[in-house]
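# Coordinate inspection notes
Each chain, written out:
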Amino acid sequence: MSSILVTGANGQIGSELVQTLRDRHGDEHVVRLDLRPPSSTSVNGSVNGQNATSRTAAPFVVADVRDRDTLAETIERYDIDTVYHLASLLSANGEKVPDRTWDVNINGLKHVLDLARDHDLRIFWPSSIAVFGPSTPRNDTPQNTILNPSTMYGVTKRSGELLCQYYHQRFGVDVRSLRYPGLISYATLPGGGTTDYAVDMYYEALRSGSYTCFVRADTRLPMMYMPDAIRATLDLMNADADNITIRDSYNITAMSFSAEELADAIRAHLPDFTCDFEPDERQQIADAWPATIDDRIARRDWNWKPDFNLDAMTADMLAHLRDTVQ
Ligand code: NAD
Ligand code: AKB
C-alpha cells in the first residue's frame, strides 16, 4: 500500500490533518515532514527525526522543503502517492522575511509539483484569502475577481495557484487547492498569521480573562473551524476528478465575524472577559482581505457545506481549552 506525505506536519493544520489521515490509513502510511521533530512525546515516541532514510511505525522526516533531493528520496523510500504540501511561512511572519517567504513558499511548491509530474503523485496545496487585495470586492468576494495581494505571502499564494493550474493543464498533475480563510483550532497554536488573534482571544479569555487584540474591533474576516477545514480538505481530495472545475484554488468559507463579535461570543460563556483593541502593522494586512467570501462553486462541485458557525465553534473551543489552558 502506498503512503501519504504531509509537509509542514507540525503546524496548526498539519498536526490535526495527520491525526485524521492516520485514523483512516494507519500510522505507518502517513509520513510527516517538517524542519524539526515534533516538540512533544505525544507522537507515540516514534519520532525518528534524523534523516530521510529511516522507517518507523509513524515515520517523521526532518527536512527543508527547499531541499529537492531529500523530498525525492522521501517520496521513493516511502512509496508516496499523495502529498499534502502545507509547509509555508504565513502572512505576518512573511512580511518580516520576504525573501525567505518567496523561497520556501514558491521553490518548495515547485519541487513538489516537479516530483508530482515525475512520480504521478496527487497533491493538495493550500492557498489563502491572502490572494485578494485592497481593490478586490470585499463582500461576497467572487471566485474569479481582482487578485492584487499586498503581502509577500499573498504574492506567493497567487503565484502558487497559477503554478498549480499550469502543472495541471500542461502536465496533467492532479493538484487540488483551497483558499482557506483564517482557521481556528485548539490543538496547535497558529504560526504567525494575521488571523491569529481569533485563536489567541480564546486562550487569553481562559488564561487571564482579558485580551489586547491587534486589529480594530470592526475588523471583519472570513473564518473557519478546524474540523470543517480538515473535512473540506479530505472531501476535495476524494471528489471525482471530473467534478473539479477549479484548478487554481477554490474559494471556501464557513463564517464571518468582526473581532468585537468574537469577543461578544466568548463573553456569552465568560461574562467577565474584557477585550481591548490596539491595532498594529497586521491591521493593514487584514484591511486588504475580504470580509465575506462567495464559495458557491465549491458547494456545487463537491458539495462543500460547513458544520460550524461562530456560536457552535465558540462552545466547542472553550469546552476543549478549559481543561488545558492555565
Ligand atoms: P503553520 O505555520 O502552523 O505550520 C507550517 C509548518 O511548516 C511549520 O510546522 C513549519 O515548521 C513548517 N515549515 C516552514 N518552513 C519549512 C521548510 N522550509 N521546510 C519544511 N517545513 C517548513 O501553518 P498552518 O497554519 O498549519 O498552514 C499550513 C498551510 O495552510 C500553509 O500553506 C498556509 O499558508 C495555509 N493556510 C493556513 C491558514 C490558517 O489560518 N492556518 C489559512 C490559509 C492558508
Ligand atoms: C494568515 O493570517 O496568514 C493565515 C491565512 C488567512 O492565510 N491565517
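Heads up: these notes are all about the structure in this document. These numbers come from a predicted model, not from an experiment.

Here the focus is the nonpolar core. Counting residues in hydrophobic clusters, the biggest one holds 94 residues, and the most contacted among them are Leu5, Val6, Ala116, Ile123, Ile184 and Met201. Ranked by the residues each element gives to this core, the list is headed by helix α6 (residues 196-207), at seven residues.

Another aspect to go through is the site of ligand 2. Inspection of the region around ligand 2 gives Leu90, Ser91, Ser128, Ile129, Ala130, Tyr153, Gly182, Gly193, Thr194 and Thr195 as its neighbouring residues. Here the shell around ligand 2 is built from residues that sort into four nonpolar, six polar and no charged.

The geometry of helix α8 (residues 259-267) relative to helix α11 (residues 310-321) is characterised by a closest axis approach of 10 Å and an angle of 55° between their N-to-C directions. It follows that α8 is oblique to α11 by the angle criterion. Pair α8 / α11 crosses with right-handed handedness. On α11, the residues touching Glu261, Ala265 and Ile266 of α8 are Leu310, Asp311 and Thr314. When the residues that make up the contact of α8 with α11 are grouped by side-chain class, the tally is three nonpolar, one polar and two charged.

Right, let's talk about the sheet that holds strand β11 (residues 220-225) for a bit. Read from one edge to the other, the open sheet built from three strands follows the order β9-β11-β13, with strand pairing classed as mixed. Every interior strand has two partners, whereas the edge strands, β9 (182-184) and β13 (255-258), have only one. Neighbour-to-neighbour, the strand axes of the sheet open up by a mean angle of 45°, direction not taken into account. As paired elements, β11 and β13 share four bridges and run antiparallel to each other. By the bridge assignment for β13, Arg220 is matched with Ser258. On the sheet, helix α7 (residues 226-238) packs against β9 and β11 and is oriented at approximately 70° with respect to β11.

Cut-offs applied
- Residues numbered from 1 in each chain as written.
- Chains lettered and ligands numbered in written order.
- Predicted model: local features only at pLDDT ≥ 70, side-chain atom pairs only at ≥ 80, totals over all residues.
- Core = buried A, V, L, I, M, F, W, Y, C linked by C-beta atoms within 7 Å.
- Buried ≥ 20, exposed ≤ 12 C-beta atoms within 10 Å, placed from the backbone.
- Helix = DSSP H or I, 4+ residues; strand = E, 2+ residues; numbered from the N terminus.
- Near = placed C-beta within 6 Å.
- Nonpolar A, V, L, I, M, F, W, Y, C, P; charged D, E, K, R; others polar.
- Axes fitted to C-alpha atoms, helices over the stretch in contact; angles between N-to-C directions.
- Parallel < 35°, antiparallel > 145°, perpendicular 65-115°, else oblique.
- Left-handed = near helix turned anticlockwise from the far one by under 90°.
- Contact = placed C-beta atoms within 7 Å.
- Pairing = 2+ DSSP bridges.

Remember that the coordinates give geometry; whether it matters functionally is a separate question.
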